[in-house]
Amino acid sequence: MIALIYAHPHPARSRANRALLEAARSVPSVIVRSLYDRYPDFEIDVAAERKLLIESRLIVWQHPCMWYSAPALQKLWFDTVLTEGWAIGEGGTALVGKSCLWVTTTGATSEGYSPEGTHRFPFTAFAPALEMTARFCGMHWLPPQVVHGAHLIDDATLQQHAAQYRQRLLAFAAEVEHG
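Just so we're clear, the structure is a prediction, and the values are computed from it rather than from any experiment.

1. A look at the packing of aromatic side chains
In the structure shown here, the tally under the stated rule is seven aromatic pairs. Consider the rings of Tyr36 and Phe42, whose centres lie 5.9 Å apart with planes at 80°: the pair is edge-to-face. Relative to Phe78, the ring of Trp77 lies with its centre 5.8 Å away and its plane at 70°, an arrangement referred to as edge-to-face. Here Trp77 and Phe78 have matching classes, each one buried.

Next up, the structure:
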């Protein structure tokens, strides 16, 4: 099973995340957990979240990049679900050996993440916090899938990203099934 932890505070406004999510939902082994739909009060059911993670081989974190990080509810999810003694620290081995894929969208184009661009740094400079969250939990970090200029790209390019995402999930599921 693939657990897709989806965190978008304004999903109706995001055609890019919506297209990516639809592509992921078309993969039979994907279980989508939409945090903002499920926890509008920010009261996370830690036991339910952990059960989903335990049953999964791949954990996907899909969300827009907001202020160079994850949205607030995704961050709260990290803080309340991935705790000492369960996911990290002494006895915290629940996620060891699982894989983690970060799928994110940005408002800026890839050129915006350059020394001359608005953000001054390559996008990879903003990934270490999420990568180290996964690695600290003992997960295998997979190369992220980033859709830059999410509100600017044309439909054909967006559909290419969605198809690539779907293919990555299908390939992972097939590898687990046959591996």
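Structure shown, so let's carry the discussion forward.
2. Let's talk about the pairing of strand β1 (residues 2-6)
Extensive coverage of β1 is indicated by the burial of five of its five residues. In β1, alternate side chains face the same way, and those of Ile2, Leu4 and Tyr6 on one face and Ala3 and Ile5 on the other are all buried. Looking at chain direction, β1 and strand β2 (residues 30-34) are connected through five bridges and run parallel. Residue Ile5 lies in a different strand from β2, and its bridge partner there is Arg33. Taken together, β1, helix α1 (residues 15-25) and β2 form a β-α-β motif whose crossover is right-handed. Pairing geometry for β1 and strand β3 (residues 58-64), over five bridges, is parallel. Looking at β3, one finds that Ile5 is bridged to Trp61.

3. Examining the UniProt feature "domain: Flavodoxin-like fold" (unreviewed entry) in the protein
Look at the UniProt record and you will see "domain: Flavodoxin-like fold" (unreviewed entry) annotated at residues 2-169. Summarising residues 2-169: 35% helix, 17% strand, and an end-to-end C-alpha distance of 8 Å.

4. Details of helix α3 (residues 46-54)
Turning to α3, its buried residues are Ala48, Glu49, Arg50, Leu52 and Leu53. The secondary structure elements touched by the buried residues of α3 are β1, β2, α2 (35-38), β3 and α4 (72-81).

5. Some details on a nonpolar patch on the surface
A surface patch of nonpolar side chains, about 390 Å² in accessible area, is lined by Met66, Trp67 and Tyr68. Looking at the element boundaries, Tyr68 is found in the loop between β3 and α4.

6. A closer look at the environment of Ala127
With respect to the element layout, Ala127 can be found in the loop between β4 (99-105) and α5 (128-136). Judged by relative accessible area, Ala127 falls into the buried class, the value being 10%. Distance in space between the C-alpha atoms of Ala127 and Leu76 is 18 Å, their sequence separation being 51 residues.

7. Brief notes about the pattern of salt bridges
For side chains of opposite charge, pairing can occur when their charged atoms come near one another. Counted according to the given criterion, the structure contains six salt bridges. With a closest N to O distance of 2.8 Å, Glu131 and Arg135 form a salt bridge. Of the two residues, Glu131 and Arg135 both sit in helix α5, four residues apart, roughly one turn of that helix. Classification of Glu131 as partly exposed rests on a relative accessible area of 22%. On the basis of relative accessibility, which here comes to 41%, the residue Arg135 falls in the partly exposed class. Via salt bridges that share partners, Arg33, Arg38 and Glu49 belong to a single interconnected network.

What counts, and where the lines are drawn
Residues numbered from 1 in each chain as written. Predicted model: local features only at pLDDT ≥ 70, side-chain atom pairs only at ≥ 80, totals over all residues. Heavy atoms only, no water. Phe/Tyr/Trp six-rings, centres within 6.5 Å; stacked < 30°, edge-to-face > 60°. Buried < 20%, exposed > 50% of the residue type's maximum accessible area, 1.4 Å probe, protein only. Helix = DSSP H or I, 4+ residues; strand = E, 2+ residues; numbered from the N terminus. Pairing = 2+ DSSP bridges. Right-handed = clockwise from strand over helix to strand, strands pointing away. UniProt positions renumbered as here; feature names shortened; annotations may be inferred. Contact = heavy atoms within 4.5 Å. Patch = residues over 30% accessible without salt bridge, like charges linked within 9 Å, V, L, I, M, F, W, Y side chains within 5 Å. Areas by Shrake-Rupley, 256 points an atom, 1.4 Å probe, with all protein chains shown as cover. Salt bridge = Lys/Arg side-chain N within 4 Å of Asp/Glu carboxyl O.

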